[in-house]
Amino acid sequence: MPKQKSHRGASKRFKTTASGRVVRRHSMKSHILTKKTRKRKRKLRQSTLMSSAMEKAVKGMIAS
C-alpha cells in the first residue's frame, strides 16, 4: 500500500509546537482594514493555538 500524502494546503497553513499543539494564524487581516482599530490589527498579526476540537483533524492532515 502506498504512503499517505499530507494535505499540502494544511501543511502550509498550520505548524506544530514542540509539545504537539497546532499553531494557526488569525483571519480577518487581508482587507477592509480602515475600520478596524490599531489594537485589533496588532492582535491579528500574532499566531494562536488551534482549538482542541479541530486539532485532531488538522494533525491528521499535516502528518506525512
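See above for the structure.
## A look at the nonpolar core
- In terms of nonpolar packing, the biggest core is built from 6 residues, these being A10, F14, V22, M50, V58 and I62.
- Setting aside residues no more than four positions away along its own chain, I62 makes contact with S6, A10, S11 and T16.

## Let's talk about the sheet that holds strand β1 (residues 15-16)
- Spatially, the 3 strands line up as an open sheet ordered β1-β2-β3, and their pairing is antiparallel. Either end of the sheet is taken by a strand with one partner, and the two such strands are β1 and β3 (48-49).
- Bridging between β1 and strand β2 (residues 22-24) involves 2 bridges; their strand directions are antiparallel. When the bridges of β2 are listed, T16 appears paired with V22.

Each value, and the rule that gives it
- Residues numbered from 1 in each chain as written.
- Predicted model: local features only at pLDDT ≥ 70, side-chain atom pairs only at ≥ 80, totals over all residues.
- Heavy atoms only, no water.
- Core = buried A, V, L, I, M, F, W, Y, C linked by side-chain atoms within 4.5 Å.
- Buried < 20%, exposed > 50% of the residue type's maximum accessible area, 1.4 Å probe, protein only.
- Contact = heavy atoms within 4.5 Å.
- Pairing = 2+ DSSP bridges.
- Helix = DSSP H or I, 4+ residues; strand = E, 2+ residues; numbered from the N terminus.

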